[in-house]
Amino acid sequence: MIDASMYPMGLPLRCRCGHMRGLASHVSPSAGFRFVCYCMDCQAFARFLERTDVLDPAGGTDIFHIPPARLKLTTGTDALRCMGLSRTVLRWYSDCCRSPIANTGPRFPVVGVIHSFMDHEADNRSRDEAIGPPLCRIYQRSAVGPLPANAPGPPSLGIFAHRASMVLGWWVRGLSRPTPFFDDRTEAPRATPRVLTPASAH
Ligand SMILES: [Zn+2]
Ligand SMILES: [Zn+2]
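Definitions and cut-offs
Residues numbered from 1 in each chain as written. Chains lettered and ligands numbered in written order. Predicted model: local features only at pLDDT ≥ 70, side-chain atom pairs only at ≥ 80, totals over all residues. Heavy atoms only, no water. Buried < 20%, exposed > 50% of the residue type's maximum accessible area, 1.4 Å probe, protein only. Helix = DSSP H or I, 4+ residues; strand = E, 2+ residues; numbered from the N terminus. Contact = heavy atoms within 4.5 Å. Pairing = 2+ DSSP bridges. Donors = N, O, S within 2.8 Å, 3.2 Å for Na, K, Ca; no water. Polar contact = N/O pair within 3.5 Å; in protein donor to acceptor, adjacent residues only side chain to side chain.

A. A look at helix H1 (residues 40-48). Of the residues making up H1, those classed as buried are Cys42, Gln43, Ala44, Phe45, Ala46 and Phe48. Backbone geometry just downstream of H1 places glutamate 50 in the positive-phi region, at approximately 55 degrees.

B. Broad picture of the environment of methionine 20. Tracing the backbone shows methionine 20 in the loop between strand E1 (11-14) and strand E2 (21-24). As a C-alpha pair, methionine 20 and isoleucine 101 span 81 residues in sequence and 9.7 Å in three-dimensional space. Once residues within four sequence positions are removed from consideration, methionine 20 is found in contact with Leu13, Arg14, Cys15, Leu73, Thr75, Gly76, Ala79, Leu80, Ser94, Ile101 and Phe117.

C. Broad picture of the pairing of strand E8 (residues 99-104). Across the 6 residues that make up E8, a large majority, 6, are buried. Between strand E7 (residues 90-94) and E8, which pair antiparallel one after the other, the connecting turn spans 4 residues, and arginine 98 there sits at a positive phi close to 50 degrees. Bridge count for E8 against strand E9 (residues 111-114) is 3 bridges, and the pairing is antiparallel. Bridged to threonine 104 within E9 is valine 111. Hairpin connection from E8 to E9: 6 residues lie between these consecutive antiparallel strands.

D. Up close: the coordination of the zinc ion (ligand 1). Binding of the zinc ion (ligand 1) to the protein goes through Cys37 (SG), Cys39 (SG) and Cys42 (SG), at separations of 2.2 Å. In the primary sequence, the donor residues of the zinc ion (ligand 1) line up as C-x1-C-x2-C. Comparing cysteine 39 with cysteine 42 shows no difference in burial state: the two are buried.

E. How the structure looks around the side chain of aspartate 62. As for its placement among the helices and strands, aspartate 62 is situated in strand E4 (residues 61-66). A polar atom in the side chain of aspartate 62 sits 2.6 Å from the side chain of arginine 34. A polar contact is formed between the side chain of aspartate 62 and the side chain of arginine 127, at a distance of 2.8 Å. Residues in contact with aspartate 62, not counting those within four places in the same chain, are Arg34, Phe35, Val113, Ile114, His115 and Arg127.

Geometry only, nothing functional implied.
Rendered as structure tokens:
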């Protein structure tokens, strides 16, 4: 067990069954980028895991971008798996209870932590208190229903610029690694990606 009080600004991470746990460090609303993604691939990922409960009523996934070096997995890494629906994004999950964990891209020093891996109960703060409200929504045209009344707005130029400067700052400060998802030396994924074609994801 992690004692979160030992880690100022640490957010405990936990899959649904509790087998896999970790910690995101230096977490605050200004230290990451929260958004809601309505894209088809995020929805297909939830369907693949039979975990559409993690989607909002319009099919949105609540994601918080942080630098890779600030995410640690502490237990249950034997259950770490990944799959891909495109060449660019790997989608990580726990095999024990098929919880979505995070998304990683090939080039940018970013991990998209999926809300279902955040343990707000252990944290004693609401998600909004811990990481702030979502700053924008993306791929709204793939939404499968009316957006929730509290859905964030589409991204503005200012939001894009804010995110770009944040990611550049992480890169400059060397926060791209280490990462629990890729080998430090070979940069190979720590689980063999299972690549699904769009048809097999349904
Ligand atoms: Zn998406
Ligand atoms: Zn689990």
